[in-house]
Amino acid sequence: MKKSNKRVIINFSLVIFFIMTGFSMTIPILPIFARELGASNLIIGLVISAYGLARAPLNIPFGILLEKRNPFNSAILGLVFILASSIILFFSQNLIHFVIAKIIEGIGFLIYILMALRILAEYTEKEERGGTMGIYTTGLLVGTAIGPLPGGYISEHFGIRYVFLAYFLLILFSLIIIIITKKNIRYNLSTTNIKISNFIKVIKNKNILIVSFSISSIFILRTSLISVILPILIYEKFKLSESSIGLIISTLGIATLVTTWPSGKLSDKIGRKFNLLICLLFSSVFVTLIPLVSDFFYLQLLILFLGLILGFSGPFAAYIADLSTKETLTAALSVYRTLVDFGFFIGPFIGGVILEFFEVSFVSFLFISSFTFISFILALTIKLEPQ
């Protein structure tokens, strides 16, 4: 791999670390902050899901719009949107401000992640893709893992709004890194025309659709837990503070991190289907055990095992990149992100419905786990050959 390519991969992995650290710092406190603004459990799920709702229908249109744009410029634009959302969150006085901020944040993440994945795929050879995407995913997961800890601490000792200030500073630093990276890299923009036919090819590809749906089901499971159910459950049932919420969410993230990179390397050698199937099946099993736990220590232990299983899937984007050609890559990533972002919308919404209308019971968690179990059945039919 060229030295310049390595620099791009390292910088984007570093940036996704800072972005996700800032974003995940807000996770333990968002339900509590929304409640302070007057939201019920159901409304909490809805307003948090605005992040995914803003992204899901825009992935394909933005994929078409941005296909002929310099992805470095587009990535910078995405970070500016996220920066603006953190400012709005800091000054929010009501739920309308909250929802506007989450929508802007969702659009910013949509643009940035779509362009980051495109850049990484273009700067990586196929035989190195699992490992390279694993480095990027590791940066993402490290940020996701450690963010809730300082987020909970800052909220508990300084106030909720200061979490959004820290978020702003991390995004600002990330923006500076990408601007510097762009100045030091010469990017040759493709001269090919935007082809709607590429999206049609992707939509007709059963393997891409099933893989995308399977990954979406993992995000439904994950976001329903960490965005709504676990923070409210720990805060109200166990009567613990924001720091404890941050601890258990970080446990999930750290455990996922431990297995993601080695799983990516393993999937480069044996193919990715085995990893995906194990992740889908056993995550379904572990989630159904959560309502049976009445002690915080055993809940944390269970979340640890769940995180290890979720990380065993390896880097998600590598699945889509392997199934795509250079011409269909942007289209495939757009379709993939559309289904994943529906997971970001559906997950918190389901979490809010469960807390509002149902007790935290085995049946409720069985319903959440059904998404990944159905995906497991569908994934048995796909073809993912080693690349």
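Anything mentioned here points back to the structure above.
Everything numeric here is computed off the predicted structure, so don't read it as measured data. (Residues numbered from 1 in each chain as written. Predicted model: local features only at pLDDT ≥ 70, side-chain atom pairs only at ≥ 80, totals over all residues. Heavy atoms only, no water.)

A. Expanded view of the side chain of Ser155. When you line up the elements, Ser155 lands in helix α8 (residues 148–158). With sequence-adjacent residues up to four places away left out, Ser155 is seen in contact with Ile29, Ile160, Val163 and Glu242. (Helix = DSSP H or I, 4+ residues; strand = E, 2+ residues; numbered from the N terminus. Contact = heavy atoms within 4.5 Å.)

B. Representation of the pattern of salt bridges within the structure. Taken as a whole, this structure holds two salt bridges when the rule is applied. Residues Glu105 and Lys102 are paired through a salt bridge, measuring 2.5 Å at the closest nitrogen-oxygen approach. Pair noted here: Glu105 and Lys102 are both in helix α6 (residues 95–122), with a separation of three residues, about one helical turn. Accessibility assignment for this pair places Glu105 and Lys102 in one class, buried. (Salt bridge = Lys/Arg side-chain N within 4 Å of Asp/Glu carboxyl O. Buried < 20%, exposed > 50% of the residue type's maximum accessible area, 1.4 Å probe, protein only.)

C. Inspection of helix α9 (residues 161–183) at higher detail. Between its first and last C-alpha atoms α9 spans 34 Å; for 23 residues at 1.5 Å apiece the expected length is 33 Å, and the two agree. Among the residues of α9, those classed as buried are Val163, Phe164, Ala166, Tyr167, Leu170, Ile171, Ser174, Leu175, Ile177, Ile178 and Thr181. (Expected span 1.5 Å × (residues − 1).)

D. Summary view of the environment of Lys195. Inspection of the secondary structure puts Lys195 in the loop between α9 and α10 (196–203). Through-space distance from the C-alpha of Lys195 to that of Thr328 is 9.1 Å; in sequence the pair is 133 residues apart.

E. Here's a closer look at the packing of aromatic side chains. The final tally for this structure, using the stated rule, is 16 aromatic pairs. Arranged with centres 6.0 Å apart and planes meeting at 35°, the rings of Phe33 and Phe98 form a pair that is tilted. In this pair, Phe33 sits in helix α2 (residues 30–36) while Phe98 sits in helix α6, placing the two residues 65 residues apart along the sequence. By relative accessible area, which is 2% here, Phe33 ends up buried. Here Phe98 falls in the buried class, since its relative accessible area comes to 0%. Considering the side-chain rings of Phe90 and Phe91, the 4.9 Å spacing of their centres and the 85° angle between planes classify their relative orientation as edge-to-face. (Phe/Tyr/Trp six-rings, centres within 6.5 Å; stacked < 30°, edge-to-face > 60°.)

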